[in-house]
Amino acid sequence: MNVLVLNCGSSSIKYQLLSMDAQPVILAKGIVEKIGLPCGNFTYKAEGRDKIAIEQPIADHSIGMDLILKTLVDPKLGVLSSLNEINAVGHRVAHGGEYFPESVKIDKEAKAKIKALGEIAPLHNPANLKGIETMEQLLPSVPQVAVFDTSFHQTLPKKAYIYGIPYEYYEKYGVRKYGFHGTSHKFVAEKACNLLGWDIRDKKIITCHLGNGASITAIDKGKSVDTSMGFTPVAGLVMGTRAGDLDLGALIYIAQKEKLDLNEINTLVNKKSGVQGISGVSSDFRELTTAWENGNERAQLALDVFAYHVKQYIGAYAAILNGVDLVIFTGGIGENDFYIREAVCENMEFLGIKLDKKINAVTRGADVTLSTPDAAIKVMTITTDEELVIAMETVRLSH
Ligand code: AMP
């Protein structure tokens, strides 16, 4: 069975075509970028062949998807002989609100709910819906499935998701903590338990998904009980360009001083803050590390602030879980950046965290135990694969 996985943003479409028979295999993948701009970008990488990059204007999502499908069946470049070989399409959908505690096969009702949630996720859900509707037109007889970033966190207890503001805003507008990156947190926790031969139902796990967007989740007996992102992905950790948790009074003060309107505040906290804002150098951790090695103190400060926040959340979630069996690092930074992992785990012996620094220093992009054998808490890097989760969910629901 072949599954096309799509992650549609407002001006981009990431795609992967996977064969899900026996062992999953990525047949082709790539990205369509800068949709609607004068100069669009299309990349395509088929299994065992060189990557292709084409620059051409791509007016809208439907043209972008058409390009993907045509390339997949192209006599020279393609990996399929006909579009009939695509058996199902899985979509990453950012916000499932309280409607979707699980992935869902797309129908009229599901689309109406995804549309309604565009109110609270205006940057993501409308683009996700556009992807679904375009695919319905291009492949009308193929089943489609939506996998939500928020679903895994629907098990949070109410005390963890209600904000300290008038309750009527929850009732009227659904303002509460939802959390994101759910597919990744669930996937790495289950993968680690499988590798260790553990039953997740007896374990307390903290998963640190540290990428350009970053979030931490407390998992008790396989269920998410708290997570650092909130109503939107801007909450929690300091991230690449997002501010994370912030004194709202400070934000109001800055807005008054700089005479910022709501759009400008939105841009400030989402695009100009985080380690980019602190360092003035970059949102990318590799560039920050290079700048720090060259003596840039603000780059070092940004890395220190990031690691400090991760440590704070681990401490908080250890308290909420009443103990921890396993801490997992994943995402681009979590899987690769040994300095950040070391800085987070430093001086945590009281809790039972003890890294083998030599193993930590050489671990990149692999599933590895980093803690010493005598440590009370296991620490691991686990590679995440959100597309694979979406493909597996799509297979499960599309029959
Ligand atoms: P993601 O959003 O999960 O793709 O993660 C992107 C972040 O991971 C960027 O800040 C990258 O600089 C960082 N990253 C990726 N590879 C490495 C690496 N080898 N060392 C340090 N950071 C890395």
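Heads up: the structure comes first, above all this text.
Owing to the predicted nature of the structure, the values given are computational and were not obtained by experimental measurement.

Examining the packing of aromatic side chains
Right, on to step 1. According to the stated counting rule, one finds ten aromatic pairs in the structure shown.
Right, on to step 2. What links up through ring pairs into an aromatic cluster is the set Tyr99, Phe100 and Phe148.
Right, on to step 3. The ring centre of Tyr161 lies 3.5 Å from the NZ or CZ of Arg176, which sits over that ring.

Details of the pairing of strand β5 (residues 51-55)
Right, on to step 1. In terms of burial, β5 is largely open, as just zero of its five residues are buried.
Right, on to step 2. Pairing of strand β4 (residues 41-46) with β5, which is carried by five bridges, proceeds in the antiparallel orientation. Along β5, the bridge assignment pairs Thr43 with Ala53.
Right, on to step 3. Hairpin geometry of β4 and β5 is characterised by an intervening segment of four residues between the two adjacent antiparallel strands and by a positive phi of about 75° at Gly48.

Regarding the side chain of His185
Right, on to step 1. Relative to the elements of secondary structure, His185 occurs in helix α6 (residues 182-196).
Right, on to step 2. By relative accessible area, His185 is classed as buried at 0%.
Right, on to step 3. In this structure the side chain of His185 is engaged in a polar contact, spanning 2.8 Å, whose partner is the side chain of Ser215.
Right, on to step 4. Residues in contact with His185, not counting those within four places in the same chain, are Phe152, His153, Phe180, Thr207, His209, Ser215, Ile216, Thr217 and Ile219.

Here we look at the environment of Val188
Right, on to step 1. Among the secondary structure elements, Val188 is positioned in helix α6.
Right, on to step 2. Judged by relative accessible area, Val188 falls into the buried class, the value being 0%.
Right, on to step 3. For the pair Val188 and Glu349, spaced 161 residues apart in the sequence, the C-alpha separation amounts to 24 Å.
Right, on to step 4. Contacts of Val188, omitting those with residues within four sequence positions, involve Thr207, Ile328, Thr330, Ile382, Thr383 and Thr384.

Brief notes about helix α15 (residues 386-397)
Right, on to step 1. For α15, with twelve residues, the first-to-last C-alpha span of 17 Å sits near the 16 Å given by 1.5 Å per residue.
Right, on to step 2. Listed as buried for α15 are Glu386, Leu388, Val389, Ile390, Ala391, Glu393 and Thr394.
Right, on to step 3. Contacts from the buried residues of α15 go to β1 (2-8), β2 (13-19), β6 (88-93), β8 (144-148), α6 and β9 (204-210).

Details of empty space enclosed by the protein
Right, on to step 1. Scanning the model with the defined rule gives one cavity of 30 Å³ or more in all.
Right, on to step 2. The calculated volume of the largest cavity comes to roughly 30 Å³.
Right, on to step 3. As for the largest cavity, its lining consists of Ile162, Tyr163, Ile165, Pro166, Tyr167, Tyr170 and Val175.
Right, on to step 4. Considering only residue class, the lining of the largest cavity consists of seven nonpolar, no polar and no charged.

Calculation notes
Residues numbered from 1 in each chain as written. Predicted model: local features only at pLDDT ≥ 70, side-chain atom pairs only at ≥ 80, totals over all residues. Heavy atoms only, no water. Phe/Tyr/Trp six-rings, centres within 6.5 Å; stacked < 30°, edge-to-face > 60°. Lys NZ or Arg CZ within 6 Å of the ring centre and 35° of its normal. Buried < 20%, exposed > 50% of the residue type's maximum accessible area, 1.4 Å probe, protein only. Helix = DSSP H or I, 4+ residues; strand = E, 2+ residues; numbered from the N terminus. Pairing = 2+ DSSP bridges. Polar contact = N/O pair within 3.5 Å; in protein donor to acceptor, adjacent residues only side chain to side chain. Contact = heavy atoms within 4.5 Å. Expected span 1.5 Å × (residues − 1). 1 Å grid on protein atoms, 1.4 Å probe; cavity = no way out; pocket = protein on both sides within 12 Å on 5 of 7 lines; lining within 4 Å. Points joined across faces, edges and corners; volume = space filled by probe spheres on them. Nonpolar A, V, L, I, M, F, W, Y, C, P; charged D, E, K, R; others polar.

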